[in-house]
Amino acid sequence: MDHKELCEKVLELVSEVRFSGILNTRGDLAVSHNRDDTAKLLSDEEVKMSVHYTFQRWTSVQNLAHKIGKEKTNITEYEKVTIISLLLNDGNLLLLSSEPGANYMEIISKVKQIIPDE
């Protein structure tokens, strides 16, 4: 399954997910899909900032990977949105944003079932 297809499938699978995207190993948002443009909380520039901050955090924790292993999942809860990052087997990150109060463990479980084991 390619990245575009994965992002589309996530939005189809989990109704609470507002956004799905792929952050590549260079820190670029390679693919992104929004459920509904009218529900966007951030402008395009603010999305770029958020992605940059996510990439910074992700690369900084890599300094400890040799001791504690690779980060597999990260969950950040805000008042208006929950951000979920999942490490894909190709080294890229799957980024998701969900409705506040959504069961993020259930979302992660559903999404992991469709991520290829390549």
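Residues numbered from 1 in each chain as written. Predicted model: local features only at pLDDT ≥ 70, side-chain atom pairs only at ≥ 80, totals over all residues. Heavy atoms only, no water.

## Here we look at the layout of surface pockets
Of the voids in this model, the largest pocket is the one considered here, and its volume is about 870 Å³. Leu42, Val47, Ser50, Ile83 and Ser97 are, among the 33 residues lining the largest pocket, the residues nearest its centre. Sorting the residues of the lining of the largest pocket by element identifies strand S1 (17-23), strand S2 (29-34), helix H2 (44-61), strand S3 (73-77), strand S4 (82-87) and strand S5 (93-98) as the ones contributing at least two each. Per-element accounting of the lining of the largest pocket gives the leading share, 8 residues, to H2. For the lining of the largest pocket, the per-class residue count stands at 14 nonpolar, 9 polar and 10 charged. (1 Å grid on protein atoms, 1.4 Å probe; cavity = no way out; pocket = protein on both sides within 12 Å on 5 of 7 lines; lining within 4 Å. Points joined across faces, edges and corners; volume = space filled by probe spheres on them. Helix = DSSP H or I, 4+ residues; strand = E, 2+ residues; numbered from the N terminus. Nonpolar A, V, L, I, M, F, W, Y, C, P; charged D, E, K, R; others polar.)

## Some points on the confidence of the model for the protein chain
Taken residue by residue, the protein chain gives an average pLDDT of 89. The fraction at 70 or more is 97%. The least confident element of the protein chain is H2, whose mean pLDDT is 86; the most confident is helix H4 (residues 104-114), at 95. (pLDDT = per-residue confidence, 0-100.)

## Remarks on the packing of aromatic side chains
Evaluation of the coordinates by the stated rule reveals 1 aromatic pair. Seen in terms of ring centroids, Phe55 and Trp58 are 6.0 Å apart; in terms of plane orientation they differ by 50 degrees. Their pairing is tilted. Linking Phe55 with Trp58, this pair stays in helix H2, spanning 3 residues, or about one helical turn. (Phe/Tyr/Trp six-rings, centres within 6.5 Å; stacked < 30°, edge-to-face > 60°.)

## Comments concerning helix H1 (residues 3-13)
When we look at burial in H1, the residues that qualify are Leu6, Cys7, Val10 and Leu11. Looking straight down H1, one finds that the buried residues subtend no more than 135 degrees of arc, so they occupy a single side. On its buried face, H1 is in contact with S1, S2, S5 and H4. (Buried < 20%, exposed > 50% of the residue type's maximum accessible area, 1.4 Å probe, protein only. Arc of directions from axis to C-beta. Contact = heavy atoms within 4.5 Å.)

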